[in-house]
Amino acid sequence: GLRARVSDVRFAGNRLIPEADLLERMKQKRFRWYNPVHWFTGAGRLSEDDLRADAHALQRLYAERGHLDARVEGPELVRAGGDRVALQFKITEGVAYRLASVAIDGVTLFPSNDIARVARLSPGGAASMTEIDAAREAILDYYGNRGYILTQVRPAIDAAAESGKADLRLQVKEGTQSKIRDIKIRGNVVTHDEVIRRELVVAPGEPFNRSRVRTSENRVRNLGYFSYVAATPEPAEEAGWHDLVLEVEEDRMGTAEAGDRKSVV
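Residues numbered from 1 in each chain as written. Predicted model: local features only at pLDDT ≥ 70, side-chain atom pairs only at ≥ 80, totals over all residues. Heavy atoms only, no water.

(A) Examining the overall build of the chain more closely. Helices and strands together make up the secondary structure of the chain, namely eight helices and nine strands. Burial status across the chain gives 37% buried among its 265 residues. Intrachain contacts of the chain at a sequence separation of at least 6 include 63% that bridge at least 24 residues. Accessible area for the chain stands at about 15,000 Å²; split by element, carbon and sulfur atoms hold 48% of it. (Helix = DSSP H or I, 4+ residues; strand = E, 2+ residues; numbered from the N terminus. Buried < 20%, exposed > 50% of the residue type's maximum accessible area, 1.4 Å probe, protein only. Contact = heavy atoms within 4.5 Å. Areas by Shrake-Rupley, 256 points an atom, 1.4 Å probe, with all protein chains shown as cover.)

As structure tokens, then:
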């Protein structure tokens, strides 16, 4: 098909979120003929992958601000002359919901007040998916930092468009406590295990700690050797134990540097 540049992005139906906020969230950028940098960098070149991601990102922005029923359609491509096109999104904003009530179910191992305090949600605030997701992660951290790594938290929202209010229920399924039996590293070809292990802040024999595992994951990622790093628990044969599996994928640039350092690690 025709190679095209995006000269304009238009939104129909946005009243409560400014156009500038919507544009800032998008990966697809506009081509500006008066900007000489755009002529040499390919700025504004139409990317179908970016467009698919942008429609989701715009809908997510509305959900972050309590618009749980918002819909984003498009974009529709409109010829703007030559190799240039304009994008048009159709937005149905819906209601900006407020939390009418917050309930947490399924907590038996710890005081319910402690879990509610960690969640940091209270009636009257915006029904923001960002804050709801943060509450979910905070509860998972609370359990996970105490060894309950398989705990699940599922938000259930009952929203009434007529009143603009939403009832939130966080449903907790408590896991069982577990310790780290072994740490397994997979996917490294050039980089020595020792290079990775010295970045870890967890060790075999310790109770699983979700925050410390995440810190270890980030420290390995920050080495710059890997394009992918993920730490996951794997069941061991003994009850109450899991192996920590660290999956990595070496980056070509990072692999060369790691190979140069092999003699000193």
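(B) View of the packing of aromatic side chains. Scanning the model with the defined rule gives seven aromatic pairs in all. Summarising the aromatic geometry, the rings of Phe 11 and Phe 89 are spaced 5.8 Å apart at their centres and angled 20 degrees between planes, so their arrangement reads as stacked. Here Phe 11, found in strand β1 (residues 5-12), pairs with Phe 89, found in strand β3 (residues 84-92); they are 78 residues apart in sequence, far enough to count as distant. Judged by relative accessible area, Phe 11 falls into the buried class, the value being 11%. With a centroid separation of 5.1 Å and an interplanar angle of 75 degrees, the aromatic rings of Phe 110 and Tyr 143 are classed as edge-to-face. On the criterion of sequence distance, the pair formed by Phe 110 in the loop between β4 (98-105) and α4 (112-119) and Tyr 143 in helix α5 (residues 129-144) is long-range, its members being 33 residues apart. With respect to class, Phe 110 is no different from Tyr 143; both count as buried. Among the aromatic residues, those joined into a cluster by ring pairs are Phe 110, Tyr 142, Tyr 143 and Tyr 148. Its guanidinium or amino end placed over the ring of Phe 110, Arg 146 lies 5.9 Å from that ring's centre, counting from NZ or CZ. Of note, Arg 146 hangs over the ring of Tyr 142, and the distance from its end group to the ring centre comes to 3.7 Å. (Phe/Tyr/Trp six-rings, centres within 6.5 Å; stacked < 30°, edge-to-face > 60°. Lys NZ or Arg CZ within 6 Å of the ring centre and 35° of its normal.)

(C) How the structure looks around the nonpolar core. The biggest cluster of nonpolar side chains holds 22 residues, and the ones touching the most others in it are Ile 115, Ile 139, Tyr 143 and Leu 170. Where this core is concerned, the elements lending two or more residues are α4, α5 and β6 (165-173). Examining the composition of this core, we find that seven residues originate from one element, α5, more than from any other. Beyond its immediate chain neighbours, meaning those up to four positions away, Leu 170 contacts Ala 103, Ile 104, Asp 105, Leu 121, Ala 135, Ile 139, Val 153, Arg 154 and Pro 155. (Core = buried A, V, L, I, M, F, W, Y, C linked by side-chain atoms within 4.5 Å.)

(D) Helix α7 (residues 210-221), seen in detail. Given a rise of 1.5 Å per residue, twelve residues ought to cover 16 Å, and the 16 Å separating the end C-alpha atoms of α7 matches this to within 8%. If you check which residues of α7 are buried, you get Val 213, Ser 216, Glu 217 and Val 220. For α7, the angular spread of buried residues about the axis comes to 100 degrees, placing them on one side. Capping of α7 at its N-terminal end is provided by Asn 209; its side-chain oxygen lies 3.2 Å from the backbone amide nitrogen of Ser 211. (Expected span 1.5 Å × (residues − 1). Arc of directions from axis to C-beta. Polar contact = N/O pair within 3.5 Å; in protein donor to acceptor, adjacent residues only side chain to side chain.)

(E) How the structure looks around the pattern of salt bridges. All told, the structure shown has 23 salt bridges when counted by the stated rule. With a closest N to O distance of 3.2 Å, Arg 10 and Asp 8 form a salt bridge. Here Glu 64 and Arg 60 are joined by a salt bridge, their closest N and O atoms 3.9 Å apart. With Glu 64 and Arg 60 both in helix α3 (residues 48-64) and four residues apart, the pair spans about one turn of that helix. Overall, Glu 64 belongs to the partly exposed group, its relative accessible area being 21%. Overall, Arg 60 belongs to the partly exposed group, its relative accessible area being 28%. Put simply, Arg 181, Lys 184, Arg 186, Glu 234, Glu 237, Glu 238, Asp 243 and Glu 247 are held in one network by salt bridges that share partners. (Salt bridge = Lys/Arg side-chain N within 4 Å of Asp/Glu carboxyl O.)

(F) Seen up close, the packing of α4 against α5. Two elements in contact, α4 and α5, have axes separated by 8 Å at closest approach and are oriented at 135 degrees. Comparing their axes, α5 and α4 come out oblique. Pair α4 / α5 crosses with right-handed handedness. Here α4 contributes Asp 114, Ile 115, Val 118 and Ala 119 to the contact with α5, which in turn contributes Ala 135, Ala 138, Ile 139, Tyr 142 and Tyr 143. Considering only residue class, the contact of α4 with α5 consists of eight nonpolar, no polar and one charged. (Axes fitted to C-alpha atoms, helices over the stretch in contact; angles between N-to-C directions. Parallel < 35°, antiparallel > 145°, perpendicular 65-115°, else oblique. Left-handed = near helix turned anticlockwise from the far one by under 90°. Nonpolar A, V, L, I, M, F, W, Y, C, P; charged D, E, K, R; others polar.)

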